[in-house]
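Here's the letter readout for the chains.
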Amino acid sequence: MKAEKKEVNAIVLDVLLKGHPDDPRPPFKREPIVQAMGVEQFKLLELVPKAGVQMEIQEKVYIGDAERQKVERVKRRVGYEELTPTARGELPFVIELVVKEREPDFVAFFNKAISITPKLHMLHLLPGIGKKLMWEILEERNKKPFASLADISARIKSIPHPERMIQARILEELQDKDVKYHVFTSK
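Residues numbered from 1 in each chain as written. Predicted model: local features only at pLDDT ≥ 70, side-chain atom pairs only at ≥ 80, totals over all residues. Heavy atoms only, no water.

S.K.: Help me understand helix H1 (residues 85-101), please; the structure alone is not making it clear to me.
M.R.: Residue pairs spaced three or four apart in an α-helix point in one direction, given the helix's 3.6 residues per turn. Between the first and last C-alpha of H1 there are 25 Å, a value that for 17 residues agrees with the 24 Å anticipated at 1.5 Å per step. The largest bend in H1 comes to about 35°, at Leu91, with the proline Pro92 one to four residues further on. When we look at burial in H1, the residues that qualify are Ala87, Glu90, Leu91, Val94, Ile95, Val98 and Val99. (Helix = DSSP H or I, 4+ residues; strand = E, 2+ residues; numbered from the N terminus. Expected span 1.5 Å × (residues − 1). Bend = angle between axes of the 7 residues up to and from the residue. Buried < 20%, exposed > 50% of the residue type's maximum accessible area, 1.4 Å probe, protein only.)

Okay, structure coming up:
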């Protein structure tokens, strides 16, 4: 659903100072790797840090086209299955941070979600939303657009934590490469 564009910022999931453990090259030929997740489209990336630079897990780093302070280059995009166990463990917490940081974008999703096909609505893609709940959301937003995630949970009693639904959907899109519709991530 999103246009393909470059990530500008990423959040560190794991720092591998001696390179990836599955790398077949001898240890002295490996370069340090940082596994990270993009903030805009949730792309999973491998970054090469600049020499002598320290990076912490959950640190936000700039990876855009201008001068980078901590990152030498974006090495490649990786799939969920290529993440280290540490990165996989950090992923839900990092997604939670990004959802809180970008709350207006996700509130806009609830306010602007449309039908994908005659039988499938974008809201159906969120875990836990069926036809009855979808109609309740549509009726409430027609009365007055939602102002925040807290507003959604206050006005629709069946959704106590809309941010958790969004986080679960993002995680599903990252984990399952066969998912048909990408609402929050890019393919």
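S.K.: Looking at this structure, how should I read the sheet that holds strand E3 (residues 44-49)?
M.R.: Adjacent strands of a sheet pair through backbone hydrogen bonds, lying either parallel or antiparallel. If you trace the five strands from one edge of the open sheet to the other, you get E4-E1-E2-E3-E5, paired in antiparallel fashion. In the strand order of this sheet, the two ends are held by strand E4 (60-62) and strand E5 (71-77), each with one partner. Each strand axis lies, on average, 45° off the axis of its neighbour in the sheet, ignoring direction. The pairing of strand E2 (residues 33-38) with E3 spans four bridges and is antiparallel. Within E3, the residue paired with Val34 across the bridge is Leu47. Contacting strand E1 (9-16), E2, E3 and E4, H1 crosses the sheet at an angle of about 160° to E1. (Pairing = 2+ DSSP bridges. Axes fitted to C-alpha atoms, helices over the stretch in contact; angles between N-to-C directions. Contact = heavy atoms within 4.5 Å.)

S.K.: Even after reading the chapter, I still don't get the nonpolar core, so can you show me in this structure?
M.R.: Nonpolar side chains tend toward joint burial in soluble globular proteins. Membership of the largest hydrophobic core comes to 42 residues, with the highest contact counts inside it found for Met37, Leu91, Phe110 and Ile129. By residue number, the principal contributor to this core is H1, which donates six residues. For Phe110, the residues in contact, after removing those within four places along its chain, are Leu123, Leu126, Ile129, Ile137, Arg141, Phe146, Ile152, Pro162 and Ile166. Val34, Leu45, Ile63 and Val71 belong to the second-largest nonpolar core, a separate cluster that totals ten residues. (Core = buried A, V, L, I, M, F, W, Y, C linked by side-chain atoms within 4.5 Å.)

S.K.: Any chance you could explain the packing of H1 against helix H5 (residues 162-175) here in plain terms?
M.R.: Two numbers describe a pair of packed helices, the interaxial angle and the distance between the axes. Viewed as axis vectors pointing N to C, H1 and H5 meet at an angle of 130°, and their least axial separation amounts to 10 Å. Between H1 and H5, the crossing angle belongs to the class labelled oblique. In this structure, H1 crosses over H5, and the sense of that crossing is right-handed. Counted together, Leu91, Pro92, Ile95, Glu96 and Val99 of H1 and Glu163, Ile166, Gln167, Ile170, Leu171 and Leu174 of H5 form the full contact between these two elements. Looking at the contact of H1 with H5 residue by residue, the classes come out as eight nonpolar, one polar and two charged. (Parallel < 35°, antiparallel > 145°, perpendicular 65-115°, else oblique. Left-handed = near helix turned anticlockwise from the far one by under 90°. Nonpolar A, V, L, I, M, F, W, Y, C, P; charged D, E, K, R; others polar.)

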